[in-house]
Structure formats: structure tokens, C-alpha cells
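# A closer look at the structure
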Amino acid sequence: MTDTEKWEELENACKDCSKCSLCKTKTNTVFGVGNKNTKLMFIGEAPGESEDLSGIPFVGAAGKLFDKYLSAVGIDRSEVYIANILKCRPPKNRDPLPEEEEACIDFLRSQTKLISPRLIVCLGRVSARKIIKEDFKITKEHGIWFKRGTFDICAIYHPSALLRDTSKREDMLKDMMEIKKVYDRVLKN
């Protein structure tokens, strides 16, 4: 089976998923978007309303802000892959429930395996707690790199947090500048 066929099979399985109740309330499955051969993958927590309507991650207000940070440090959105832990929107943008994360995590694991990135950046505390460690403290540990198997992983503030608390924006820019430095080193090797 080719990689293209594997991607199609995985995306179709995700669209047809009924492992949790979110499949009943979604408008679209928000599978992921971007370069499937990238060395840099960003992982958020779950789709919001704009994402549910479009089927594309990070296209609402938080996504537009995220794009500005990518642009500010010289990373083109088309060269990275962006996904979420959940592929369906939780009602009223609430945090994902543990059983929803468990129902969906295998899709993310399969995406990550197919992409085989070197760097993974968790967007926010929810994805950091699921991917890096359960007791992750975003305010204390944002921007710190962790080694997990073949991956170097860090977490940064979720762009939606920056919409609510602008005092975190300078830290976000510093973290994104460091991500760009690490990413450039990976591309050279």
C-alpha cells in the first residue's frame, strides 16, 4: 500500500468514526492539513467552530493569530503539518474529555507515524498533557524541549490563550523563534 493510499484509508476511517458521541454533533471531521513530509508538526487539542465548519484546523481567530506567529519567524504554514488530538469539535469548545481523547488518539498516532516528523510542538496545555506528560504546566514549561523516542517535543501557548491574555504574546514569540532555530538545524541535517 502506498503512502497516499494509507492516508486516504486513515482519513476515511476518521470520517466514519463513531467511537465517541462527538461524531453526532460535528459538522465536519477536522483531520489535519499541511506537508505530509515535514519535519515539524503542530498538535492542538480540538477543532473550534470555524474549524468544524471548514474541516481545516486553525482557521478561526486563533488560527489567524497562529499564522502571524509562523510568518513572523519565517515558517510557511504550507511546510508544516497541523493536527489536533480530537478530530471532532466538543460542544461549546469545552476541553476534550479523557474518553474522547482516547477514542481519537490512534488517528493522531497514525498521522504522526506516516509523517515521521523530528519535531512536534504541542499547542496548549491540553495537548501537552496528553503528549508530553500528564502534569505539564504550560506557564512554567512552555518552550522547553523534551525527548520522546525519535521526537523532540515542546509545548507553547495555544493561540486562543493569547487572544484572552495578551501578556503571553511576548513569550509566544520567543518560543516560536526558538522553534524556528531548532527547525532550521533539523533541516540542515
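Preceding this section is the structure that the text describes.
Scope of this entry: the structure provided in the associated data block.

Scoring rules and cut-offs
Residues numbered from 1 in each chain as written. Predicted model: local features only at pLDDT ≥ 70, side-chain atom pairs only at ≥ 80, totals over all residues. Heavy atoms only, no water. Salt bridge = Lys/Arg side-chain N within 4 Å of Asp/Glu carboxyl O. Helix = DSSP H or I, 4+ residues; strand = E, 2+ residues; numbered from the N terminus. Buried < 20%, exposed > 50% of the residue type's maximum accessible area, 1.4 Å probe, protein only. Pairing = 2+ DSSP bridges. Contact = heavy atoms within 4.5 Å. Axes fitted to C-alpha atoms, helices over the stretch in contact; angles between N-to-C directions. Parallel < 35°, antiparallel > 145°, perpendicular 65-115°, else oblique. Left-handed = near helix turned anticlockwise from the far one by under 90°. Nonpolar A, V, L, I, M, F, W, Y, C, P; charged D, E, K, R; others polar.

### Overview of the pattern of salt bridges
Enumeration over the complete set of coordinates arrives at twelve salt bridges. Across the pair Asp 184 and Lys 180 runs a salt bridge whose closest N-O atoms are separated by 2.9 Å. Residue Asp 184 and its partner Lys 180 are located together in helix α8 (residues 169-188), separated by four residues, close to a single helical turn.

### Thoughts on the environment of Asp 184
Accessibility expressed as a relative area gives 26% for Asp 184, which makes it partly exposed. As a C-alpha pair, Asp 184 and Glu 141 span 43 residues in sequence and 22 Å in three-dimensional space.

### Quick word on the sheet that holds strand β2 (residues 40-44)
One open sheet accounts for six strands, arranged β1-β3-β2-β4-β6-β5; its pairing is mixed. A single partner strand is all that each edge strand has here, and the edge strands are β1 (33-34) and β5 (146-148). The strands that α8 touches are β2, β4 (119-123) and β6 (151-156); relative to β6, the one it contacts most, it runs at about 165°.

### A look at the packing of helix α3 (residues 61-73) against α8
Remark: α3 packs on α8, axes separated minimally by 9 Å, with the N-to-C direction vectors making an angle of 50°. Classified by the angle between their axes, α3 and α8 sit oblique to one another. For the pair α3 and α8, the sense of crossing is right-handed. Together, Leu 65, Phe 66, Tyr 69, Leu 70, Ala 72 and Val 73 of α3 and Arg 169, Met 172, Leu 173, Met 176, Met 177 and Lys 180 of α8 make up the contact between the two elements. Residue classes in the contact of α3 with α8 are distributed as ten nonpolar, no polar and two charged.

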